[in-house]
Amino acid sequence: MRSLTILIFVSLTFFASVVGAADISLVVNKSNPVSSISEQEAKMIYLGNKKSWDNGEKINLYSQYDYVLRDAFSSKVLSKSGQQFETYWKKALFTGTGRPPIDVKDDTEMKKFIAADARGIGYISSASIDDSVKVVVIK
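Our subject in this report is the structure included herewith.

This part covers the sheet that holds strand S6 (residues 134–138). Read from one edge to the other, the open sheet built from six strands follows the order S2-S6-S1-S5-S3-S4, with strand pairing classed as mixed. Both outer strands of the open sheet, strand S2 (36–37) and strand S4 (102–104), are each paired with one neighbouring strand and no more. Bridging between strand S1 (residues 24–28) and S6 involves three bridges; their strand directions are antiparallel. Looking at the pairing, Val28 lines up with Lys134 of S6.

Here you go:
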């Protein structure tokens, strides 16, 4: 009976984290003039096909180690699994065609990095949004 209770608890916890992570927001530094981008532009940015903001500044990509959040972001924005996203960037690094996003630990660390990087873009759980970063709406 105890094993069943533990199994149910673990399953519900995992399900809650997957559902909670599904609500993802793109964020940039508050000084960045970008307030919205198209879905295609977001995909181009995160696959390294768009490397500069409209003002010519280089885009600095940030991603998260958290596989649940990475999977949710990759699925929602890139139509890829988190593993496919990671493999895509490993191949780009190996072939010299691109540099993968800077990986950060969690939402708190992402906000810290984005708040300090005027050219950065990252993603966090929407529940973690505060005034340290600016949300970019995907049209």
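Read on, since the account is not over.
In terms of nonpolar packing, the biggest core is built from 23 residues, with Leu26, Ile45, Tyr46, Phe73 and Ile121 touching the most fellow members. Those elements that provide at least two residues to this core are S1, helix H2 (39–46), helix H3 (67–78), helix H4 (82–95) and strand S5 (120–125). Looking at which element gives the most residues to this core, the answer is H3, with five residues. The residues contacting Leu26, other than those within four sequence positions of it, are Ile37, Ala42, Tyr46, Phe73, Ile121, Gly122, Tyr123, Lys134, Val135, Val136 and Ile138. Ranked by size, the runner-up nonpolar core spans seven residues in total, among them Val27, Val104, Ile124 and Val133.

Reading the values: rules and limits
Along each chain, residues carry numbers from 1 onward, in the same order as the chain's sequence is written. Side-chain atom pairs in this predicted model are given and counted only at pLDDT of 80 or more, local residue features only at pLDDT of at least 70, and totals for whole chains, interfaces and linings cover all residues. Think of the side-chain values as coming from all heavy atoms in the structure, minus any hydrogens and water. For two strands to count as paired, DSSP must find a minimum of two bridges between them. A helix here means a DSSP run of H or I that spans at least four residues, while a strand means a run of E at least two residues long, and both kinds are numbered starting from the N terminus. Working definition of a nonpolar core: buried Ala, Val, Leu, Ile, Met, Phe, Trp, Tyr and Cys residues. They are joined through side-chain atoms within 4.5 Å. To sort residues, take the accessible area from a 1.4 Å probe on protein chains only and compare it with the maximum for the residue type: under 20% means buried, over 50% means exposed, and anything in between is partly exposed. In this description, contact between two residues means that some pair of their heavy atoms is separated by no more than 4.5 Å.

In short, the description is geometric, and any link to function would need to be established separately.
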